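Given next are the chains, with one letter for each unit.
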Amino acid sequence: MSKEHSGVLRAWESTMRKTQAAKKRANNIFGITSMANVTNNDLEDDTDKGVSISGEAYFAEKILPNGDYYTGQWYDNFPDGQGKYLWTDGCMYLGEWHKGKTMGKGRFSWPSGASYEGEFKTGYMDGTGTYIGSNGDTYKGKWVMNMKHGHGILNYSNGDCYDGEWRRGLQEGHGKYQWQNKNYYIGEWKTGVIFGKGIFVWSNGNTYDGYWEDGMPKGNGTYQWPDGSFYVGNWSKDPDEQNGTYYPSESSLAANLEWDPTTVYNELAGCKICVGERVSIMPSQKRLATWYSSKGGDKPRRMSVDGRVSVGVERPLDKMSLWENDGNSNGLRQVKRDLDCELLGIPHNDANPKFNLGLPLKAPKLEKRQGETISKGHRNYELMLNLQLGIRHSVGRPAPATSFDLKASAFDPKDKIWTRFPREGSKYTPPHQSYEFKWKDYCPVVFRTLRKLFKVDPADYMISICGDNALRELSSPGKSGSFFYLTDDDRYMIKTMKKSEVKMFLRMLSAYYNHVRSFENTLVIKYYGLHCVKLPGTTQKKVRFIIMGNLLRSDYTIHRRFDLKGSSLGRITEKNEFETDNTTILKDLDLNFIFKLQKAWYQEFCW
């Protein structure tokens, strides 16, 4: 036997040993698994289907190229029916599949010991199901797209329990929370905290019935003792805002006129709401290993459980020089194809062109980026430097901690801070290479609080806007004549504003703040700062601009962009199909899509 063929034989024997070891490991793991409605017998009954018949489902057992293992029903090169899938990191799904996606009833388990058993929809935990965390937390109830949504009961590992409504993974609506010490609350919730009207009952029989805000009594309320005595009044953490009256009962020996309502706040401080365990990785984020579909020609695809496709997957044996060139290249290529087919669990058929494993994978086409990069020599390069210096100073400036309850004076248009930036630097500003300029912050306390409300990390905010990467300038697609600047990571947009627009915005700021605070999931655009740069020279030109979140930032490729105003008058783009690309701003009458939302999302969107 030649050296080449002996090398091929050794490689083949090594591959078969690894395959058999992987099967044995998978069988050992699956052998101890059980689940209601989906049993091992359900899968074994299908083994008599044998090999694939075109257009029919059959039973398959596959060791996939990256070491993942699947056993179960198979149709058109995808799991379809009952099946088990084990990922190499220890995650496992056992249940129903449809065209490569988890769909129907199933059980997903994590290597940490956590598990979910219930309904799935296109890869997501969706429907009714039970999640048991690795720490012992147990939730049984409704899910929508991996999040608790609807009615559900969560028994915490520390003995606490919540029974009520959920929205987007947090308690919201009406619900009852009972602590291990037998204290309990029944009433309204908002984004995971007690908020609204409700009653709190202590284990000693004392009760508070009234209004709440951020987990504490706020507004009108009544505190009552078991003997019938009660205190009625306005409640607040701020002693200056507290006022009320104590009414003794007929059976009480003496009036407790000296009783201080702040004792209630001290008692409630010890009643913490459990956060619960966070899921490390969602089932919809688990990707399936590479196999080849009969649809789509010769292109290998990598499918995720939720149906997304990615490319650039490295196949096994690709880097082995054993297959490159020798005297009998056709024979070695055949052996390589046979080994790849053995790993993938597909028939060895030279006449079948769809299993051509030697085709190169194509990288995805890069999306065209919007705007013109502002580099040295650009007409607005100095303005960009001023802007970045000013924002770094504003965000990094020390400031006292503030609550979300802002005073009216914070919204006063006269509440602004001017800072001078000399080139040589000053006590408060660093030296810089640009010309001297002045910087103004409008309502700094309000915008600092807005960034806190929107959960923006100050360091990330500064890195996005003031980092090493330059901004990109976009000429306005609208009629305002404003200029837009986009950060390199696409997170933030900076828009220039006229003086009249700034005045109007400041008049609206208080109403805007109250709105975004009341509606956490509002679709209104998020604003993070309002500033002004005063340029040097005789004209003393002022450039005012606002920083806002970029609504069009997405991890997905954006193929079409629309500016929708809810009007049909002049709302059409004067460009033909061949003149538009993925950066063209289309209008209302260009929109020819129908959007479908899940019922719960639809109702929340309308609300």
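Residues numbered from 1 in each chain as written. Predicted model: local features only at pLDDT ≥ 70, side-chain atom pairs only at ≥ 80, totals over all residues. Heavy atoms only, no water.

As annotated in an unreviewed UniProt entry, the chain carries the name 1-phosphatidylinositol-4-phosphate 5-kinase and comes from Gossypium laxum.

Explain the overall build of the chain here, please?
Counting its secondary structure elements, the chain contains nine helices and 29 strands. Relative to its 607 residues, the chain shows a buried fraction of 40%. Counting contacts in the chain only where the partners sit at least 6 residues apart, residues at least 24 apart contribute 41% of the total. Total accessible area computed for the chain in this model is approximately 34300 Å², and 52% of it derives from carbon and sulfur atoms. (Helix = DSSP H or I, 4+ residues; strand = E, 2+ residues; numbered from the N terminus. Buried < 20%, exposed > 50% of the residue type's maximum accessible area, 1.4 Å probe, protein only. Contact = heavy atoms within 4.5 Å. Areas by Shrake-Rupley, 256 points an atom, 1.4 Å probe, with all protein chains shown as cover.)

Help me understand the packing of aromatic side chains, please; the structure alone is not making it clear to me.
What describes a pair of aromatic rings is the distance from one ring centre to the other and the angle between the planes of the rings. Under the counting rule described, the total for this entry stands at 44 aromatic pairs. With 5.2 Å between their ring centres and 85 degrees between their planes, Tyr116 and Phe120 make a pair best called edge-to-face. For the pair formed by Tyr116 and Phe120, the shared burial category is buried. Here the basic side chain of Lys148 rests over the ring of Trp166, its NZ or CZ set 5.6 Å away from the ring centre. (Phe/Tyr/Trp six-rings, centres within 6.5 Å; stacked < 30°, edge-to-face > 60°. Lys NZ or Arg CZ within 6 Å of the ring centre and 35° of its normal.)

What exactly am I supposed to notice about a positive patch on the surface here?
Side chains of Lys414, Lys416, Lys438, Lys499, Lys503, Arg507 and Lys542 sit close together on the surface and give a patch of like positive charge. Per element, the largest residue contribution to the positive patch is three residues, and it comes from helix H8 (residues 499-518). Relative to the elements of secondary structure, Arg507 occurs in helix H8. (Patch = residues over 30% accessible without salt bridge, like charges linked within 9 Å, V, L, I, M, F, W, Y side chains within 5 Å. Salt bridge = Lys/Arg side-chain N within 4 Å of Asp/Glu carboxyl O. Lys, Arg positive; Asp, Glu negative; His and termini not counted. Charge placed at Lys NZ, Arg CZ, Asp CG, Glu CD.)

Help me understand a nonpolar patch on the surface, please; the structure alone is not making it clear to me.
Together, Leu523, Leu597, Tyr602 and Phe605 line one region of the surface with nonpolar side chains, adding up to about 480 Å² of accessible area. With respect to the element layout, Leu523 can be found in the loop between H8 and strand E26 (527-534).

Honestly, the nonpolar core in this entry has me stumped. Any pointers?
One recurring pattern in soluble globular proteins is that nonpolar side chains are buried together. One finds Ile391, Val446, Leu450, Tyr461, Ile465, Leu509 and Leu530 to be the most contacted residues of the largest nonpolar core, which totals 51 residues. Dropping the residues within four chain positions of it, Ile465 is found in contact with Leu387, Gln388, Ile391, Leu471, Thr487, Tyr492, Ile494 and Ile547. Ranked by size, the runner-up nonpolar core spans 44 residues in total, among them Phe108, Tyr162, Phe200 and Tyr246. (Core = buried A, V, L, I, M, F, W, Y, C linked by side-chain atoms within 4.5 Å.)

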